[in-house]
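Read off the chains here:
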Amino acid sequence: MKIVLTGSLGHISRPLAQQLLAAGHRVTVISHSAARAKEIRALGATPAIGRISDEAFLTTTFTGADAVYLMITNTNDDQDIFAAGHRQATIYAQAVLTAGVQHVVNLSSVGANLGPEVGALYIYHIIEDVLTHALASTATLTFLRPTGMFYNLLGSLPSIKRDHAIYTNNSVTKRGSWVAPIDIVPIAAQALTTPRPGVTHQYIASDERSYQEIAALLGRALNLPDLRAIQIDDATMTRNLLASGLPQTFTTQYVKMLAYERDSDFYADYRAHHPVLGPTKLADFSQTVARAYHQL
Ligand SMILES: NC(=O)c1ccc[n+]([C@@H]2O[C@H](COP(=O)([O-])OP(=O)(O)OC[C@H]3O[C@@H](n4cnc5c(N)ncnc54)[C@H](OP(=O)(O)O)[C@@H]3O)[C@@H](O)[C@H]2O)c1
């Protein structure tokens, strides 16, 4: 098959390209950095250098493809993250329609079933909605809904170093669901190469742990037995994120998302369609955190 991947050589798209190429597919990888072309070619894939906001570029790149993998990047900086999500989904939908692509896999997220009450994750509801309305009659559509990426925890490294603490306005005792990007790869590959008919939604997860359990795991890996997960209030979380340089709109919606997880049954739909957990565990990832910690 001829398959086009957005997401450049990122956490998911690099190993996804490698798996698809090893299975004999022809793969084009979209990057917005010309410097990446050489590395993409070295994998055996075809580079397509351009921006995912450029509909004409996408249409040309998608033409002749059997399947495309669509993800969003960099909406965090936008004044209105939901308008940015709507805009990007509309561009994707139009390019897929004009190019006549038959199979679409979208990297969505846990929380995409919910409304504006879920804060930042509402962007995925909007994107799923736009793509479904525009494409459901002409293409198969698979929405992959991974849970929280393991690598989000790297954002806590500065406070781990400074205070031996992971701060969150989420609950520190409720179990959350987490995913290793590498565990998304075989599921995305299967969705691209053997798509199910119609519109499908698929949760992807690797491990289920509370912040307290994660602090204990990381405490062992980092040799910090006093490492703790500490719940802070929404206003303090907001101040901390703004101080770390995150934009205002995204921060507001991010804090709202964690508060929703804390106060509501965020995982109800995930539980109702529970995936088989992937093989990579947070205990494995704690070694990656340890390496990053010692390089700080
Ligand atoms: N964090 C979470 O917990 C979570 C949960 C659920 C879903 N997700 C989704 O997962 C995504 C991240 O996936 P990932 O980790 O595989 O990605 P990633 O490693 O962040 O890689 C994305 C790559 O896309 C390329 N890119 C950025 N802007 C671009 C543009 N305007 N046009 C074309 N290419 C562009 C960049 O590479 P170049 O510089 O080479 O272009 C970047 O390295 C998030 O964006 C989110 O939508 C995240």
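Whatever comes next refers back to the structure up there.
To keep things clear, this report deals only with the structure shown in the data block. Quantities reported herein were computed from a predicted structural model and do not represent experimental measurements.

## Some remarks on helix α1 (residues 13-22)
Looking only at α1, the buried set comprises Ser-13, Arg-14, Leu-16, Ala-17 and Leu-20. Down the axis of α1, the smallest arc covering the buried residues is 165 degrees, so these residues share one side. Packing partners of the buried residues in α1 comprise β1 (2-5), β2 (26-31), α2 (37-43), β4 (67-70) and α7 (181-193). Phi turns positive one or two residues past the end of α1, at Gly-24, with a value near 95 degrees.

## Things to note about the sheet that holds strand β7 (residues 148-149)
The strand order across the open sheet formed by 3 strands is β7-β9-β11, and the pairing between neighbours is mixed. On the outer flanks of this sheet lie β7 and β11 (207-209), each paired with one strand and no other. With 2 bridges joining them, β7 and strand β9 (residues 176-179) adopt parallel strand pairing. Residue pairing in the sheet places Gly-148 in a bridge with Trp-178 of β9.

## Let's talk about the site of the ligand
Near the ligand there are 25 residues, and of these Ser-8, Gly-10, His-11, Ile-12 and Ser-31 occur at the shortest range. Mapped by element, the contributors of at least two residues to the shell around the ligand are β2 and β7. Considered class by class, the residues forming the shell around the ligand number 9 nonpolar, 14 polar and 2 charged.

## Focus on the nonpolar core
Counting residues in hydrophobic clusters, the biggest one holds 85 residues, and the most contacted among them are Val-68, Val-96, Val-104 and Ala-188. Top contributing element to this core by residue count: helix α4 (residues 81-99), with 8 residues.

## Quick notes on the packing of helix α3 (residues 55-62) against α4
It is at 8 Å that the axes of α3 and α4 come closest, and there the two elements cross at 40 degrees. With respect to their mutual orientation, α3 and α4 come out oblique. The chirality of how α3 crosses α4 is right-handed. Only Ile-91, Gln-94, Ala-95, Val-96, Thr-98 and Ala-99 of α4 make contact with α3, whose side of the interface consists of Glu-55, Leu-58, Thr-59 and Phe-62. By residue class, the composition of the contact of α3 with α4 is 6 nonpolar, 3 polar and 1 charged.

## Considering the environment of Lys-161
For Lys-161, the location among the structural elements is in helix α6 (residues 157-163). In this structure the C-alpha to C-alpha distance between Lys-161 and Thr-132, which are 29 residues apart in sequence, comes to 44 Å. Ignoring sequence-local partners within four residues, the contact set of Lys-161 consists of Tyr-293 and Leu-296.

## Considerations on the sheet that holds strand β6 (residues 140-146)
Here we have 7 strands laid out as an open sheet, ordered β3-β2-β1-β4-β5-β6-β10, and parallel in their pairing. Two strands bound the open sheet, and with one partner strand each, they are β3 (46-49) and β10 (199-204). Each strand of the sheet is rotated relative to its neighbour by a mean of 20 degrees, with strand direction disregarded. Both β4 and strand β5 (residues 103-107) contribute to a ladder of 4 bridges, which runs parallel. Considered in β5, the bridge of Ala-67 is made with His-103.

## Quick look at the environment of Leu-9
The residue Leu-9 is located in the loop between β1 and α1 in this model. With 21 C-beta atoms packed within 10 Å, Leu-9 lands in the buried category. Note: C-alpha distance between Leu-9 and Val-29 (20 residues apart in sequence) is 7.8 Å.

## Notes on the packing of helix α8 (residues 211-222) against helix α12 (residues 282-295)
The interhelical angle for the contact between α8 and α12, taken along N-to-C directions, is 50 degrees, at an axis separation of 9 Å. On the basis of the axis angle, α8 is oblique to α12. Crossing handedness for the pair α8 and α12: right-handed. Listed contacts from α12 to Ile-214, Leu-217, Leu-218, Ala-221 and Leu-222 of α8 are Leu-282, Ala-283, Ser-286, Gln-287, Val-289, Ala-290 and Tyr-293. Of the residues belonging to the contact of α8 with α12, the class tally is 10 nonpolar, 2 polar and no charged.

Rules used throughout
Residues numbered from 1 in each chain as written. Predicted model: local features only at pLDDT ≥ 70, side-chain atom pairs only at ≥ 80, totals over all residues. Buried ≥ 20, exposed ≤ 12 C-beta atoms within 10 Å, placed from the backbone. Helix = DSSP H or I, 4+ residues; strand = E, 2+ residues; numbered from the N terminus. Arc of directions from axis to C-beta. Contact = placed C-beta atoms within 7 Å. Pairing = 2+ DSSP bridges. Near = placed C-beta within 6 Å. Nonpolar A, V, L, I, M, F, W, Y, C, P; charged D, E, K, R; others polar. Core = buried A, V, L, I, M, F, W, Y, C linked by C-beta atoms within 7 Å. Axes fitted to C-alpha atoms, helices over the stretch in contact; angles between N-to-C directions. Parallel < 35°, antiparallel > 145°, perpendicular 65-115°, else oblique. Left-handed = near helix turned anticlockwise from the far one by under 90°.

Remember that the coordinates give geometry; whether it matters functionally is a separate question.
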